[in-house]
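Descriptive analysis of the structure
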Amino acid sequence: MSISTAAAAAEPAIEARTRRPRRRLKAAERHEARVGALMVAPAVILLVLFFFIPVILCFILAFTNARLIAPEPAHFTGLDNFTRLFSDPVFWASLRNTFYFALVVVPVQSGFALLLALVINVKTRGVNFFRTMYFIPVVTSIVVVSILWRFMYQPDGLVNSLLQTVTFNVVQGTDWLNNTKTAMPAIMFMSIWQAVGFHMVIWLSGLQTIPEERYEAAELDGASTWQKFRYVTWPGLRATRTFILVTITIAALSLFAQINVMTAGGPLNSTTTVVYQAVRTGYQQQQTAYASAISLIFFILVLTVSLVQRYLTRDKD
């Protein structure tokens, strides 16, 4: 038998031996894909049930006259809910209060959190204690925090007592949550205090990703502390600050728990927000369709603000 004949006879056996590992590899890949699908399935199911379905229902109900409890079925009403919404003074007040809260809280909270992160981003004794202290309000329920601060803001509460003590009774304080001029600033102060620890940790994680060699090079070049921050720290936090700005803005625009616990939208709608109005309209007043229209406007608002922020903070290199 010639060499060519022997090689031709051996080709089927070689091909069979190479085909079997390929089949086993494909079977392993299919098994891995099934396992991955099973692991992802619970999250996908929850996402569909608690996000996609409610969003779709919100879009549908916003164009009907549906109520939470009604003897007659809902029917299509077109843009009636939106016409009513844009002529509602309470809606414009809630929209104004929402933007007022966001415009103050977003820069103040993010800036204060960055300052705290810079302070504790050092290797000194006791720094872990301060990190824990700053983070404790974050892990405390916002409802519990709101109840505590509601008592503190009372006319005979801790805040006024401290003011009287510090100023030797020159400043008597006020009924913070029942004053239209001080109710929203009081809620702002409490909200910043409660959430600043979370964003401090995010800033801190971003600071720790900046290579130490950059600071050493800047120090060799004679850079001052401000120059190090401007040319090394701030550019190195580009991705972190984008994330923080977006998350703080969404949280500020979604203000609800503090309002619900501390003021119930008062006094005289001075603390009513878009989310609080939607919840109150949908559940207390049982106007499901009108609340869906408010929620739809809020969804468009948050999406627009997030896209604008993402565009302004994009990587321009």
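One can find the structure itself at the top, above this paragraph.
For the structure given in this document, a descriptive report is provided here. In this text, all values refer to a predicted model and were calculated from it rather than measured experimentally. (Residues numbered from 1 in each chain as written. Predicted model: local features only at pLDDT ≥ 70, side-chain atom pairs only at ≥ 80, totals over all residues. Heavy atoms only, no water.)

Attention now moves to the pattern of salt bridges. Under the definition given, this model contains one salt bridge. Among the ionic pairs, glutamate 219 bridges to lysine 228, the shortest N-O distance being 3.9 Å. (Salt bridge = Lys/Arg side-chain N within 4 Å of Asp/Glu carboxyl O.)

Let us look at unusual backbone geometry. Between glycine 266 and proline 267 the backbone carries a cis peptide bond, its omega angle lying at -10 degrees. Inspection of the secondary structure puts proline 267 in the loop between helix 11 (257–262) and helix 12 (274–284). (Helix = DSSP H or I, 4+ residues; strand = E, 2+ residues; numbered from the N terminus.)

By size, the foremost hydrophobic cluster in this structure holds 58 residues, and its most contacted members are Phe101, Tyr153, Trp203 and Met262. The greatest single-element share of this core, amounting to 12 residues, is contributed by helix 7 (residues 183–207). The contact partners of methionine 262, leaving out residues within four places of it in the chain, are Ser146, Trp149, Arg150, Tyr153, Leu177, Ile187 and Met190. (Core = buried A, V, L, I, M, F, W, Y, C linked by side-chain atoms within 4.5 Å. Buried < 20%, exposed > 50% of the residue type's maximum accessible area, 1.4 Å probe, protein only. Contact = heavy atoms within 4.5 Å.)

A few words now on helix 5 (residues 142–152). Those residues of helix 5 that fall on the buried side of the exposure criterion are Val145, Ser146 and Trp149. Across the axial projection of helix 5, the buried residues extend over an arc of 100 degrees, all falling on one side. In the core, the buried residues of helix 5 are packed alongside helix 4 (127–139), helix 7 and helix 11. (Arc of directions from axis to C-beta.)

One can find asparagine 97 in helix 3 (residues 89–120). When residues no more than four places from it in sequence are discounted, the contact partners of asparagine 97 are Met184, Asn269, Ser270, Thr271 and Thr272.

In this section: the environment of tyrosine 231. In this structure, tyrosine 231 sits in helix 9 (residues 225–236). Taking relative accessible area as the criterion, tyrosine 231 reaches 55% and is therefore assigned exposed. Through-space distance from the C-alpha of tyrosine 231 to that of arginine 214 is 9.7 Å; in sequence the pair is 17 residues apart.

What follows concerns the packing of helix 10 (residues 238–253) against helix 13 (residues 288–312). In the contact formed by helix 10 and helix 13, the axes pass within 10 Å of each other and the chain directions differ by 160 degrees. By the angle between their directions, the pair helix 10 and helix 13 is classed as roughly antiparallel. Between helix 10 and helix 13 lies a crossing whose hand is right-handed. Where helix 10 approaches helix 13, its residues Thr242, Leu245, Val246, Thr249, Ile250 and Leu253 are matched on the opposing element by Phe298, Val302, Val305, Ser306, Gln309 and Arg310. Looking at the contact of helix 10 with helix 13 residue by residue, the classes come out as seven nonpolar, four polar and one charged. (Axes fitted to C-alpha atoms, helices over the stretch in contact; angles between N-to-C directions. Parallel < 35°, antiparallel > 145°, perpendicular 65-115°, else oblique. Left-handed = near helix turned anticlockwise from the far one by under 90°. Nonpolar A, V, L, I, M, F, W, Y, C, P; charged D, E, K, R; others polar.)

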